[in-house]
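Read off the chains here:
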Amino acid sequence: MSNSNAIAAVTATLQSILQQGATQEQGLNDTTVTILPLDKARGSNTNNQLNLFLYMVVRNAAWVNADMPRQVRSGEMAMPPLPLNLYYLITAFGANDDATAPSGHVLLGKAMSVLHDHAVLSAADIVAATASLPGSDLDKQIEHVRVTFHPLTIDELSKLWTGFAMQYRLSAAYEVGVTLIESTRATRAGLPVLTRGPKDDGVASQPDLMPPVPTLDALALPDLQPSALPGAVLTLSGVHLDGANVGVQFMHPLWSAPVEVPPAAGGTATSVKVTLPVQPAVWPAGFYALSVFVQRPGETFRRQTNQLVLAIAPSITITPASAPAGDVVYTVTVSPQVWPSQRASLLLGMNEVVADAHLAQTSTLTFHASALVKGDYWVRLRVDGVDSFLVDRNKTPPVFDKTQKVSVT
């Protein structure tokens, strides 16, 4: 938390760390750090000088309407804090206006180095610099105050200095945020809830509508794999999946119309099983949208559930299993067939090799791998983002499938 002194606390902290950092540099021990307006900054001073000028205050968009951390709980009503980003212009004035040496350049470089090393204002820095601002509480704020270099374009610099009727001097801009100024209005907090209903079980997430709405909750794939092969049995779980005329609908981006598959017998209100067809020329590898259609008793139409995502993986054999080091041409036999618009790539260990062009549906792909070094490479075929199986999850712990490997000798 922080109060209305937060802006002054940030300025004082930056001034303090710049003063300490600059005067430790040889040749800059006469440096003073001021916080004056641009037209008043230099005055009659001829020594090294840094001027820290707060030229803009902007509301932080990320914290707008956010509750104060650790002070407002869920369900309570409170005025959100005022989140501010502060924009500072640091101007370097060299000794004797750089008449004999580029002192201003050295001074600006030192100032930027100091702020780079203090990218986050620590609580200790804030406490040490705000002795004259008791009760600012900026050091207790949960969100860190960060200092970020803020590049300005030539046009922005010109407008800024012209607006203050000043000739341009060597400067750098910084964004400092966020400062959370806590509201002084009291929080409205309701009493804790003793029970959520007669048995403290709350409300059902699925409303008991008339008629019930069928809903899918999860999709279970065989062998704990992240994708399924053609012929696999899928288990769909949810609610209100029982009824007449039940069907499982699949849709792939390459299809012009969805395909419906009848579920296996024995489905219940909470579980339906369906077997993926084995049609390599029709069902391509990739991602599918899956839903269930159910017709409830007494209804003349079918209700559709929400959609889940299903990934169908390719299965492959690769030749040659062993080849000399250098350039190798691999031939991969794949099922399902790969369509012309699908992207297919062979992953050899951590290296990706894109397939040669294929202008028609094919079950054979060719890959030209270049400059392979000696070693064994685990292989996967990736079709539209779905990989062929490499991990055997039937074993505990899981292991790589030894048939999915090639050697380079």
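This text gives an overview of the structure that appears in the document. (Residues numbered from 1 in each chain as written. Predicted model: local features only at pLDDT ≥ 70, side-chain atom pairs only at ≥ 80, totals over all residues. Heavy atoms only, no water.)

Scanning the protein for helices and strands turns up 4 helices and 25 strands. For 409 residues, the compact-globule estimate of 2.2 N^0.38 gives 22 Å, and the C-alpha radius of gyration of the protein, at 34 Å, exceeds that figure by more than 25%. The principal-axis extent of the C-alpha atoms belonging to the protein is close to 90 × 75 × 45 Å. Relative to its full complement of 409 residues, the protein shows a buried share of 38%. Sequence-distant contacts, at least 24 apart, represent 70% of the contacts inside the protein between residues at least 6 apart. Approximately 22200 Å² of the protein is accessible, and the part contributed by carbon and sulfur atoms is 56%. When the 26 basic and 32 acidic side-chain charges of the protein are each reduced to a single mean position, those positions are 4 Å apart. (Helix = DSSP H or I, 4+ residues; strand = E, 2+ residues; numbered from the N terminus. Rg over C-alpha atoms; globule rule 2.2 N^0.38 Å. Buried < 20%, exposed > 50% of the residue type's maximum accessible area, 1.4 Å probe, protein only. Contact = heavy atoms within 4.5 Å. Areas by Shrake-Rupley, 256 points an atom, 1.4 Å probe, with all protein chains shown as cover. Lys, Arg positive; Asp, Glu negative; His and termini not counted. Charge placed at Lys NZ, Arg CZ, Asp CG, Glu CD.)

Let's shift gears to helix 2 (residues 103-117). An α-helical turn contains 3.6 residues, so any two residues separated by three or four positions project in the same direction. The terminal C-alpha atoms of helix 2, which comprises 15 residues, lie 21 Å apart, in line with the 21 Å expected from a rise of 1.5 Å per residue. Looking only at helix 2, the buried set comprises Ser 103, Gly 104, Leu 107, Leu 108, Ala 111, Val 114 and Leu 115. The buried residues of helix 2 occupy an angular sector of 130° when projected down its axis, which confines them to one face. Opposite the packed face of helix 2, turned more than 90 degrees from it, sit the exposed residues His 105, His 116 and Asp 117. For helix 2, the secondary structure elements touched by its buried residues are helix 1 (6-23), strand 2 (49-59), strand 3 (82-93), strand 5 (145-149) and strand 6 (171-181). (Expected span 1.5 Å × (residues − 1). Arc of directions from axis to C-beta.)

As enumerated under the stated definition, the model contains 12 salt bridges in all. Lys 110 serves as the salt-bridge partner of Glu 25, at 3.5 Å between the closest nitrogen and oxygen. Placement of Glu 25 in the loop between helix 1 and strand 1 (32-34) and of Lys 110 in helix 2 is noted, with a sequence separation of 85 residues between them. Across the salt bridge formed by Asp 97 and Arg 42, the nearest N and O atoms sit 3.4 Å from each other. Separated by 55 residues along the polypeptide, Asp 97 in the loop between strand 3 and helix 2 and Arg 42 in the loop between strand 1 and strand 2 bring together distant segments of the chain. On the basis of relative accessibility, which here comes to 46%, the residue Asp 97 falls in the partly exposed class. (Salt bridge = Lys/Arg side-chain N within 4 Å of Asp/Glu carboxyl O.)

What follows deals with the sheet that holds strand 15 (residues 315-319). In sheet architecture, strand pairing relies on hydrogen bonds along the backbone and comes in two forms, parallel and antiparallel. If you trace the 3 strands from one edge of the open sheet to the other, you get 15-17-20, paired in antiparallel fashion. Edge positions in the sheet fall to strand 15 and strand 20 (362-372), since each has one partner strand and no second. Put simply, the sheet's adjacent strands are angled 25° from each other on average, direction ignored. Pairing of strand 15 with strand 17 (residues 326-338) involves 5 bridges; the strand directions are antiparallel. Bridged to Ser 315 within strand 17 is Ser 335. (Pairing = 2+ DSSP bridges. Axes fitted to C-alpha atoms, helices over the stretch in contact; angles between N-to-C directions.)

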